[in-house]
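Each chain, letter by letter, is given below.
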Amino acid sequence: MSDAWDAVTAAGTKPLAELFKDEPDRLSRLTLEEAGIRFDFSKTHLNSSILSAFFGLAEAQGLAAARDALFSGAQINVTEGRAAEHTAERGQGSPESVQRAHGFQERMRALIDAIEAGAFGEIGSILHIGIGGSALGPDFVIDALGRDTGRYQTEVVSNVDGAALEAAMSRLNPATTLLVIASKTFTTSETMLNAQSALAWLEMGGVADPYGRVIALTASPERAIEFGVDETRILPFSENVGGRYSLWSSIGFPIALALGWEAFETLLEGAASMDRHFRLQPLERNAPVLAAFIDRYYANVRGAQTRAVFAYDERLRLLPPYLQQLEMESNGKSVTVDGRPVGRATSHITWGGVGTDAQHAVFQLLHQGTHLVPVEFVAAIEPEHGLDFAHHRQLLINCFAQSAALMAGKASEDPARCYAGDRPSTTILLDRIDPTTLGALIAFYEHRTFVNAVLLGINAFDQFGVELGKEIAKSIDGGGAISFDPSTEALIERAFGKGN
């Protein structure tokens, strides 16, 4: 692997303007179309020598075999001894896993049919409680696609801060609210505390049987039963579906309920189209693969520590926080799959925001700052709103202008007004934002994350790094004899008093 990485590091390039001048076919070679999405990678420093070196690295790291293992249901999550079967939820996996996922989906659809038929009484709103992937995925998809459905008012709460739950409940009528509790293990402390408070709210709101209003989404149905949820109102999913990859599973129940089953099925099929693209297209025409090459080039050759993602569409405002968990929890690792130090930068730090707001907040640094920050622009050709098209035209004009300005720069005799240019960006342009394109977009980012992990030799599917803080929190909450550093001890005493 060292020789393959040496080849990547040694591959030279030119400024972006020169690359376009020297390569007449550059735009066509580095622009792909799939599932109603245009991926334009041409404003990055990839050239033929860099691509050739990455193809060699991909071969040395066994990318093709790893990809096959992902879709076959092999135990690629080696540290936890399990498969990673989120693709099976959209029909792309081992026959046994696909069949099991289909069975869970049929159970979910039957429950939705029952709710819509009035089995739970009058339901006008959904209070979805989870954390991490159990909340980020449903929140993102419903916010992007569900603004005009008029089916159910939906509130998603993840923060254990009571202010978040209280604010959400204040917007709902307990008499007509369905409580959805999403937890893979059904032991997550923040989720279970929020759930107990929500049940108390239902009871105080006059609901005679609060537990009868609960739907549990979990890979541990026995714990949901112990909590008090009737077995008929538990929607299981496979233990092999990781939290940040789980919106395709029963965790997607609020998506299917809020948007309708047809929309959820179309979301799955959009993701499946990207699965097929990732599996079948050659590396040089493979969007997740090329995007991962770009990530690794800027992180490992050019030393970029971050990647900025800007959604030039209000419907995609939750894309940056969704990607923060997907990318940094998956690849924020420091050892390889066999436990050795990686020896090079792994996950970039993902950050971003919404255009055009971000232009007046952080783009100063992107254009004239000293940090190299690869930028990703995500936009859609068709608007959703009913206002004058001039709004959307200005939005897209600003998106395209920013990527052009980052590349071109501008010379000036006044140093304060000089733009260096030659700053890389990728543009992802959707025809429209609908279940097909959104499903494909999310799956693109999942596979891109996986390819990054394979190139680095790390496991994208465990997340042990989140556990230590939870263990310490339990120790503090338990009030035992465990001692902490002087700073932590002082903070505990200041907040809770001596002896707590």
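Residues numbered from 1 in each chain as written. Predicted model: local features only at pLDDT ≥ 70, side-chain atom pairs only at ≥ 80, totals over all residues. Heavy atoms only, no water.

Structural notes on the overall build of the chain
- Counting secondary structure elements, the chain contains 19 helices and eleven strands.
- For the chain, the C-alpha radius of gyration of 24 Å lies close to 23 Å, the compact-globule estimate for 500 residues.
- Across its three principal directions, the C-alpha atoms of the chain cover 75 × 60 × 55 Å.
- When the 500 residues of the chain are sorted by exposure, 51% land in the buried category.
- Here the analysis covers contacts within the chain between residues at least 6 apart in sequence; of these, 75% occur between residues at least 24 apart.
- Of the roughly 21,500 Å² of accessible surface on the chain, 52% is carried by carbon and sulfur atoms.
- Positive and negative side-chain charges in the chain, numbering 41 and 62 respectively, have mean positions lying 5 Å apart. (Helix = DSSP H or I, 4+ residues; strand = E, 2+ residues; numbered from the N terminus. Rg over C-alpha atoms; globule rule 2.2 N^0.38 Å. Buried < 20%, exposed > 50% of the residue type's maximum accessible area, 1.4 Å probe, protein only. Contact = heavy atoms within 4.5 Å. Areas by Shrake-Rupley, 256 points an atom, 1.4 Å probe, with all protein chains shown as cover. Lys, Arg positive; Asp, Glu negative; His and termini not counted. Charge placed at Lys NZ, Arg CZ, Asp CG, Glu CD.)

Regarding the packing of aromatic side chains
- Using the criterion set out here, one finds 18 aromatic pairs in the structure.
- A centroid spacing of 5.5 Å and a plane angle of 50° characterise the contact between Trp261 and Phe264, whose relative ring orientation is tilted. Taken together, the residues Trp261 and Phe264, both in helix α12 (residues 261–280) and three residues apart, mark about one turn of the helix.
- One aromatic cluster is present, formed by Phe71, Tyr245, Phe278, Phe450 and Phe461 through successive ring pairs.
- Above the face of the Phe278 ring, Arg67 is positioned so that its terminal group lies 5.7 Å from the ring centre.
- We note Arg279 situated over the ring of Phe71; from NZ or CZ to the ring centre the distance is 4.9 Å. (Phe/Tyr/Trp six-rings, centres within 6.5 Å; stacked < 30°, edge-to-face > 60°. Lys NZ or Arg CZ within 6 Å of the ring centre and 35° of its normal.)

Observations concerning the side chain of Ser425
- Secondary-structure assignment places Ser425 in strand β11 (residues 425–430).
- Residue classification places Ser425 among the buried positions, given a relative accessible area of 2%.
- Not counting the four nearest positions on each side in its chain, Ser425 is found in contact with Lys43, Thr44, Val375, Phe377, Ser403 and Leu406.

Remarks on the layout of surface pockets
- By volume, the largest pocket amounts to about 1,100 Å³.
- If you trace the largest pocket, you find 42 residues lining it, with Thr185, Thr188, Gln463, Val466 and Lys470 closest to the centre.
- Those elements that provide at least two residues to the lining of the largest pocket are α7 (133–145), α9 (189–204), α14 (319–331) and α18 (467–478).
- Looking at the lining of the largest pocket residue by residue, the classes come out as twelve nonpolar, 17 polar and 13 charged. (1 Å grid on protein atoms, 1.4 Å probe; cavity = no way out; pocket = protein on both sides within 12 Å on 5 of 7 lines; lining within 4 Å. Points joined across faces, edges and corners; volume = space filled by probe spheres on them. Nonpolar A, V, L, I, M, F, W, Y, C, P; charged D, E, K, R; others polar.)

Some thoughts on the side chain of Ser97
- Its location among the elements puts Ser97 in helix α6 (residues 95–116).
- For Ser97, the contacting residues outside a window of four places in its chain are Glu85 and Ala88.

Examining the pattern of salt bridges
- Taken as a whole and assessed by the stated rule, the structure comprises 26 salt bridges.
- Across the pair Glu85 and Arg100 runs a salt bridge, and its minimum N-O distance is 2.9 Å. Here Glu85 is found in the loop between α5 (63–72) and α6, whereas its partner Arg100 is found in helix α6, with 15 residues between them in sequence.
- Between Arg315 and Asp313 there is a salt bridge whose closest N-O contact spans 2.8 Å. (Salt bridge = Lys/Arg side-chain N within 4 Å of Asp/Glu carboxyl O.)

Some words on the sheet that holds strand β8 (residues 306–312)
- Spatially, the six strands line up as an open sheet ordered β1-β2-β11-β10-β8-β9, and their pairing is mixed. Since the sheet does not close on itself, it has two edges, and those belong to β1 (31–34) and β9 (349–354), each with one partner. Across this sheet, the average inter-strand angle for adjacent strands is 15°, counted without regard to direction.
- One ladder, built from four bridges, connects β1 with strand β2 (residues 37–40); its direction is antiparallel. (Pairing = 2+ DSSP bridges. Axes fitted to C-alpha atoms, helices over the stretch in contact; angles between N-to-C directions.)

Observations regarding empty space enclosed by the protein
- Counted under the stated rule, the structure contains three cavities of 30 Å³ or more.
- As a volume, the largest cavity reaches approximately 70 Å³.
- Broken down by secondary-structure element, the contributors of at least two residues to the lining of the largest cavity are α13 (287–301), α14 and α17 (435–456).
- The element best represented in the lining of the largest cavity is α17, accounting for four residues.

Here's the deal with the sheet that holds strand β7 (residues 234–236)
- Within the open sheet, the five strands sit side by side as β4-β3-β5-β6-β7. Their pairing is parallel. Since the sheet does not close on itself, it has two edges, and those belong to β4 (153–157) and β7, each with one partner. Direction aside, the axes of adjacent strands within the sheet are offset by 15° on average.
- Where strand β6 (residues 214–218) and β7 come together, three bridges link them in parallel fashion. Bridge pairing in β7 places Ala216 opposite Ile234.

Section: the packing of α13 against α17
- Their axes nearest at 8 Å, the elements α13 and α17 cross at an angle of 50°. Taken together, the axis directions place α13 and α17 in an arrangement best described as oblique. The handedness of the crossing between α13 and α17 is right-handed. Taken together, the residues of α17 that come into contact with α13 (itself represented by Ala287, Pro288, Val289, Ala291, Ala292, Phe293, Asp295, Arg296 and Asn300) are Phe444, His447, Arg448, Val451, Asn452, Leu455 and Leu456.
- Residue classes in the contact of α13 with α17 are distributed as ten nonpolar, three polar and three charged. (Parallel < 35°, antiparallel > 145°, perpendicular 65-115°, else oblique. Left-handed = near helix turned anticlockwise from the far one by under 90°.)

What to know about the packing of helix α4 (residues 48–60) against α13
- In contact at an axis separation of 11 Å, α4 and α13 are set at 100° when each is read in the N-to-C sense. Classified by the interaxial angle, the pair formed by α4 and α13 is roughly perpendicular. Residue-level inspection shows Ile50, Leu51, Phe54, Phe55 and Ala58 of α4 in contact with α13, the latter providing Leu290, Phe293, Arg296 and Tyr297.
- Class assignment for the residues of the contact of α4 with α13 results in eight nonpolar, no polar and one charged.

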